[in-house]
Amino acid sequence: MAFIRKKQQEQQLQLYSKERFSLLLLNLEEYYFEQHTASHIQYKGSHDERKIRGSLKVCSKSVIFEPDAISQPIIKIPLRDCVKIGKYGENGANIHFAKAKSGGISLIFSQVYFIKEHNIVAPYKIERGKMEYVFELDVSGKVDDVVETLLQLHRASCLDKLGDQTAMITAILQSRLARTSFDKNRFQSVSEKLHMECKAEMVTPLVTNPGHVCVTDTTLYFQPLNGYPKPVVQITLQDVRRIYKRRHGLMPLGLEVFCTEDDLCSDIYLKFYEPQDRDDLYFHIATYLEHHVAEHTAESYMLQWQRGHLSNYQYLLHLNNLADRSCNDLSQYPVFPWIINDYCSTELDLSNPGTFRDLSKPVGALNKERLERLLTRYQEMPWPKFMYGSHYSSPSYVLFYLVRIAPEYMLCLQNGRFDNADRMFNSIAETWKNCLDGATDFKELIPEFYGDDVSFLVNSLKLDLGKRQGGQLVDDVELPPWASSPEDFLQKSKDALESSYVSEHLHEWIDLIFGYKQKGSDAIEAHNVFHPLTYEGGVNLNSIEDPDEKVAMLTQILEFGQTPKQLFVTPHPRRITPKFKSLSQTSSYNASIADSLVSPGEESFEDLTEESKTLAWNNISKLQLHEQHKLHKEAVTGIAVSCNGASVFTTSQDSTLKMFSKESKMLQRSISFSNMALSSCLLLPGDATVISSSWDNNVYFYSIAFGRCQDTLMGHDDAVSKICWHDNRLYSASWDSTVKVWSGVPAEMPGTKRHQFDLLAELEHDVSVDTISLNAASTLLVSGTKEGTVTIWDLSTATLLHQIPCHSGTVCDTAFSPDSRHVLSTGADGCLNVIDVQTGMLISSMTSDEPQRCFIWDGNSILSGSQSGDLLVWDLLGAKISERIQGHTGAVTCIWMNEQCSSIITGGEDRQIMFWKLQY
């Protein structure tokens, strides 16, 4: 569970510092500057005194004294309530005592808070009335500096306008940061090379801690200005698994670093003062990670979820993370849906659709009568309009659920008080009812409701959370009748989340929270419109000049809640439940999500749905270059990739076959069969053998395991231009005007026995054949010739079905549509022609200003590689180019796409291979 783990991490840090003090004792947006060992001096009469040893903390809005003895309360004096601050004995005070106790600092004030007496977490005790406290520093020489600092901060706290207060405190903070820098003696090694250093704040729930960030070639460091909770936080870059840019207060200032694959709890969350500093640090770390860590996108997670390789719970965790939700930021805490609608029955029937909440509607629209009232108000409201006056996720809602395990956070958020006992999280059923009926309550749930740790439901800390109106003490959360225990409640909630009903409808809720119904007309139609300040881009804080307005706006953004970053702009596909492997959780956050992840190239993706492919092709214009490598000395002519995606094989006119490791980014092998160009390559099933065609009239079989040419097929009288393979049959096209079909019986043991080949058929052409392609079932073959003719063949009878002279020059590439109903061909004349397979009719033709040398398509959209090196996205129905993507510096000569349609590799005359990814 995200919050519980985060709290445990902070407790470990607190054990390191051996303090009761925490940043949660500060006000929101307050900073802790420095501490001094000191004694609080209490008087009995004029000369009798009592010393309480401890630590004096100077903060931007308060002075905090933490006694060493836990029986004594922590003292917090707000600076705004101070009447006078100075050295004890000045201005008519006891001069004799002042000389004797020269380390004394006097604070005269009207209000003081007493906190954690006997180390018990409870509402703060407040004492009012004019009083004086004296603190004696162990190092008397620091008294003048501390007094001067306190007077400066006191002046800031007493300014009339909140904006002026914030501006002055910020100036003081920046001055302190400017006078210091990262201590290079903290480097782990003298050989470390500094890449960059800047100012930032470490973010934890409700609080931030300023300091210096430093990144070297091996380590990321953060040194808090105040040395709390430890002098330096360090993360070895080798341990980093994920890094994300974050919004903080809707501003692009956050950066979160994870050393785990599957946890919402990061190892550090940093907030920068300038976006450029954030981007520069991200670049340094991301550059290091490029060679070590695989990248995950919403698309890759979606495809895995759709096929059942991720549970509903795991998928929602990943979407939250990608949408800037973090357990470090309570205004953007991970959001999960209410699933169950029945909290009254004694048995929970997960086979009954009535048991479940309608996931196609936001919480605010579940009650028809309430929605009608809200819509009436919405219609009468001036611009900007919104339907709901509160959000579905906010810091107060998160702590409403978690008060029993995070009471200090609640006290921090609510100025030292718990909420009214009747407004606490008392009952699951009551909370759900209020979400359905309440005028301003539209909250969703948090991940803890589908986790394993029941502590947020049980008052194990024995907190005094007050009495309800009926006299009942607030204790454990009241569970529904169908739950026999907190453990049973969580297990049944998890079962409900992973149920068939939810699997079939979860995409509807994703559309609302992370998808296309989040904004615009679709959001209005779905009754899913919240206050403009909750949306990314809803306000530009930098454009607000009035400091008061800016502070008020930022406070509202942080406290009101924020809408997740939009991940999808088209309808999210449904889960295909008949093929869905149930992954009902057994260990939630502790489960290793990595165990259930499958890389995009693995065979378990063979059940890829057409719906997923359609989604990928709908977003083909968002293709982004991921990396590129120059492997050859001449043009690349062929690309083949192993099933697991780890090895990439390429052929070239430089006569070599290359084997490139995707993981190490290194060339592993370079093989030459003759001094003639190689024209294409493919991998046999099992990834043990690579076949290459050559201009020397031969086809070569290369054993990967044994590292040698295993066999050579000398089957043509001129250059072999293209080869295909299916079901132990080899299809070879040649400039000798033939396409030959061979039966290829693989060797029983690679490298130990030669292949046996028999010529099954010879498909005669009038001129050189430059390209061939098979349909999905390998029952049809299409060929393209040097003179522009496209021919469709029936392989079962080795007969010609249609011969279409549709190009004025060489046919560059051909391919069947996935349903085998159409053939697309491109030529040196710049034309893209669509042919109906059944009739042989040319039914569509598009023209470009340059040849399209190669392509892939899904029957509706086309991605082609042009003579100029660009990739073009074509809308076949609209008969137009919808996107031009800059690519190679020479012609694109070959193109490969994986089964998931998410990863693309291109080769070009510029000798480069380029790796592309879909980003959506």
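Residues numbered from 1 in each chain as written. Predicted model: local features only at pLDDT ≥ 70, side-chain atom pairs only at ≥ 80, totals over all residues. Heavy atoms only, no water.

By the naming in an unreviewed UniProt entry, the protein chain goes by Protein FAN and is assigned to Oryctolagus cuniculus.

Colleague: Before we go on, may I ask you to explain the overall build of the protein chain in this structure?
Modeller: Looking only at helices and strands, one finds 17 helices and 42 strands in the protein chain. Each of the 920 residues in the protein chain was classed as buried or not, and the buried ones make up 58%. Put simply, of all contacts in the protein chain between residues at least 6 apart along the chain, 57% involve residues at least 24 apart. In the form shown here, the protein chain has an accessible surface area of approximately 37,900 Å², with 48% of it arising from carbon and sulfur atoms. (Helix = DSSP H or I, 4+ residues; strand = E, 2+ residues; numbered from the N terminus. Buried < 20%, exposed > 50% of the residue type's maximum accessible area, 1.4 Å probe, protein only. Contact = heavy atoms within 4.5 Å. Areas by Shrake-Rupley, 256 points an atom, 1.4 Å probe, with all protein chains shown as cover.)

Colleague: How should I be thinking about helix α15 (residues 547-560) in this particular structure?
Modeller: For an α-helix the count is 3.6 residues per turn, leaving residues at separations of three or four pointing the same way. The end-to-end C-alpha separation of α15 is 20 Å, in line with the 20 Å expected for 14 residues at 1.5 Å each. Those residues of α15 not exposed but buried are V551, M553, I557, L558 and F560. Elements that come into contact with the buried residues of α15 comprise α4 (162-178), β12 (242-248) and α9 (395-402). Count one or two residues on from α15 and you reach G561, which has phi positive near 110 degrees. (Expected span 1.5 Å × (residues − 1).)

Colleague: Would you explain the sheet that holds strand β18 (residues 656-661) in this entry?
Modeller: The strands making up a sheet associate through backbone hydrogen bonding, with each pair oriented either parallel or antiparallel. The strand order β16-β17-β18-β19 describes an open sheet built from 4 strands, whose pairing is antiparallel. Looking at the sheet topology across the chains shown, the edges are occupied by β16 (636-641) and β19 (666-672). Across this sheet, the average inter-strand angle for adjacent strands is 20 degrees, counted without regard to direction. (Pairing = 2+ DSSP bridges. Axes fitted to C-alpha atoms, helices over the stretch in contact; angles between N-to-C directions.)

Colleague: It is not clear to me how the environment of S679 should be interpreted in this structure. Could you clarify?
Modeller: Residue placement: S679 occurs in strand β20 (residues 678-683). For the pair S679 and V699, spaced 20 residues apart in sequence, the C-alpha separation works out to 9.9 Å. If sequence neighbours within four positions are ignored, S679 has contacts with T637, T651, S693, S694, W695, V720, S721 and K722. For S679, the side chain forms a polar contact with the main-chain oxygen of V720, separated by 2.5 Å. (Polar contact = N/O pair within 3.5 Å; in protein donor to acceptor, adjacent residues only side chain to side chain.)

Colleague: Would you explain the packing of aromatic side chains in this entry?
Modeller: Where two aromatic rings form a pair, the distance of their centres and the angle of their planes describe that pair. Enumeration over the complete set of coordinates arrives at 36 aromatic pairs. Seen from their ring centres, F660 and F915 are 6.0 Å apart, and the 35 degrees between their planes marks the pair as tilted. Residue F660 is located in strand β18, and its partner F915 is located in strand β42 (residues 912-918); the two are separated by 255 residues in the primary sequence. With respect to burial, F660 and F915 carry one shared label: buried. Centroid distance W695 to W735: 5.3 Å. Interplanar angle 45 degrees. Geometry classified as tilted. (Phe/Tyr/Trp six-rings, centres within 6.5 Å; stacked < 30°, edge-to-face > 60°.)

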